[in-house]
Structure formats: C-alpha cells, structure tokens
Amino acid sequence: MLSPRVLFPVAAGFAFLGLALFIVSGRSFAFDRSIVLFFRETGDPTSPIGPAWLQEAVRDMTAFGSFVGLGLMTITASLSLWICRHRPLAIGLAVSVLIATLASTVLKILIGRDRPDIVEHAALTFTASFPSGHAFLSAVTLLSIAGFVGLASRREDIARLCVWLAWVMIVLIGLSRIYLGVHWPTDVIGGWCLGIAWSSLSIAILGRSMAIPAVLGLHNARQLIRDKETLIIDG
C-alpha cells in the first residue's frame, strides 16, 4: 500500500491533469462564478468586500507570490543552503523553481483560459488564467524550501514547522488571487495540485541523492572503526 507521502502527490498530479483536460474541452464549473462573486459587494462587482485596509493587505499578500517575492525567497534559501554546505540542495532548489516558472508560462499559453470577466480586476494581469502562476509557483517554492530545510536539518520537528508555515502562505496567496478577481477558483486549485506534485518530486529526487552519500559515509565510518580495532588487537 502506498504511503500518504507518495499517494498525496500522485493524487494531486492526476487532479491537475483532470482539471486541465476539463478546461481545455471548453467546459466550466458553476462554483467558479459563485465564489468569485462571493468576494464582491452585493450588486457591485467592481468592489471587493471588506474595508480598504483589507484590500490593501490582500494586495500585499498576493505580492509574496509574485516573481519578485518568490525570486527573493528562492535566492535567500539557496544562498543559505550553499553557505551551510548543502550545495546539491541549493542548486536543486534554484533549478526546480526556474524550470517551474518556465512550465507555468508554457501551460498558460497552451491552455489559454480567459481571466474572470464577471468582476473588475483589482490587480494587473498579463498572462492567461490556468493554472494560477501565483498558486503553482508559491507551492513549488515554499514546499521545496520547507522540504530542503528538513533534509538539511535532518530534524522532523523543523521540517514539520516549515511545512505548516509554507502552507499558511500558500493558501493565503491563492485566496488573494480569487479575492482580487484575477483568477477562477479552479485556476488556484489546479496551481496548488501541480505545485504539490512538482515539489514532492524535487524533494524525493534530492532526498535520494543525499541518502546515497550518507549510506556510503556510514559504511566507511564502520569500516574505519573495524580497521582500528584490528590494529589494536594486532598490536
């Protein structure tokens, strides 16, 4: 039986494929429209619900999922891992995020879903709608950072804390895109699903690459101890 660590990313990957195929076929979800309108004042689709400070706070939150925000996080985390001599993790994180950024752009072009047109956008947009780049790339970046920090620290409690903090930010960034009227909910769900699958694969690949040297190092250490014991006995 597959463990949850394997089953969850696999299910997320298939969920993304299902959503993508459904959207490419030209069909839509009724709840997409309902949820987008839920975040607007009744009878006024141009105004998001809530006071002005909330709208500003949501725009601040969505900025964390921008190219600049996630780029700064990736650079900071990669440099930290490099300085701590976890160079495979540092390189892997940077490469994974860069390839994911390219994949996001390609998928948007291929699928070509229109942005929500039932409300006024409260933020500027420049690309197609599915999948949400903020949702996808925040999941890839933050979950990868959390996973790589866990691998570097080799402590379950630190890894768990990083994953929880990552998910808080991922969910808030995704919801901010719906609140601002620039994404359908299924855009965000699709981005999350693909991000989970992508980051899990990256962590699994790099985790295995780290495990091999660790096993070899343990074997060499044991062999060195045996050699020393032999020398002592012979002496």
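Residues numbered from 1 in each chain as written. Predicted model: local features only at pLDDT ≥ 70, side-chain atom pairs only at ≥ 80, totals over all residues. Heavy atoms only, no water.

Undergrad: Provide a residue-level description of the packing of helix α6 (residues 133-153) against helix α7 (residues 156-179), including the pertinent values.
TA: Viewed as axis vectors pointing N to C, α6 and α7 meet at an angle of 175°, and their least axial separation amounts to 9 Å. One element, α6, and the other, α7, form an angle in the roughly antiparallel class. Residues His-134, Ser-138, Ala-139, Leu-142, Leu-143, Ala-146, Val-149, Gly-150 and Ser-153 of α6 form the contact with α7, whose own contacting residues are Ile-158, Ala-159, Cys-162, Val-163, Ala-166, Trp-167, Met-169, Ile-170, Ile-173 and Arg-177. For the contact of α6 with α7, the class distribution of residues is 14 nonpolar, 4 polar and 1 charged. (Axes fitted to C-alpha atoms, helices over the stretch in contact; angles between N-to-C directions. Helix = DSSP H or I, 4+ residues; strand = E, 2+ residues; numbered from the N terminus. Parallel < 35°, antiparallel > 145°, perpendicular 65-115°, else oblique. Contact = heavy atoms within 4.5 Å. Nonpolar A, V, L, I, M, F, W, Y, C, P; charged D, E, K, R; others polar.)

Undergrad: Would you mind going over the pattern of salt bridges in detail, with residue names and values included?
TA: In total, this model carries 4 salt bridges according to the counting rule given. As a salt-bridge pair, Glu-56 and Arg-59 come within 3.5 Å of each other at their nearest N and O atoms. Placement of both Glu-56 and Arg-59 in helix α3 (residues 52-64) is noted, with a separation of 3 residues, approximately one turn of the helix. Residue Glu-56 is classed as partly exposed on the basis of its relative accessible area of 41%. Across the pair Arg-113 and Asp-187 runs a salt bridge, and its minimum N-O distance is 2.7 Å. With Arg-113 in the loop between α5 (87-111) and α6 and Asp-187 in helix α8 (residues 185-234), the pair connects residues that are 74 residues apart, well separated along the chain. Considered together, Arg-113 and Asp-187 belong to a single accessibility category, that of buried residues. (Salt bridge = Lys/Arg side-chain N within 4 Å of Asp/Glu carboxyl O. Buried < 20%, exposed > 50% of the residue type's maximum accessible area, 1.4 Å probe, protein only.)

Undergrad: So, the nonpolar core: which residues are in play, and what are the values?
TA: Core analysis: the largest hydrophobic core is formed by 46 residues, its most contacted members being Leu-81, Leu-93, Phe-130 and Ile-170. Among the elements of the structure, α1 (4-24), α4 (67-83), α5, α6, α7 and α8 are those that each provide at least two residues to this core. Considering each element in turn, this core owes the most residues, 11 residues, to α6. Look past the residues within four positions of Leu-93 in its chain and what remains in contact with it is Thr-74, Ala-77, Ser-78, Leu-81, Thr-141, Ser-144, Ile-145 and Phe-148. (Core = buried A, V, L, I, M, F, W, Y, C linked by side-chain atoms within 4.5 Å.)

Undergrad: Please provide a residue-by-residue account of the layout of surface pockets, values included.
TA: One number sums up the size of the largest pocket: a volume of about 1100 Å³. As for the largest pocket, its lining consists of 26 residues, and the residues nearest its centre are Arg-5, Gly-147, Val-163, Ser-200 and Ile-203. Counted by class, the lining of the largest pocket contains 17 nonpolar, 4 polar and 5 charged residues. Considering only enclosed or pocket space, the second largest pocket measures out at about 420 Å³ in volume. (1 Å grid on protein atoms, 1.4 Å probe; cavity = no way out; pocket = protein on both sides within 12 Å on 5 of 7 lines; lining within 4 Å. Points joined across faces, edges and corners; volume = space filled by probe spheres on them.)

Interpretation in functional terms is not warranted from these geometric data alone.
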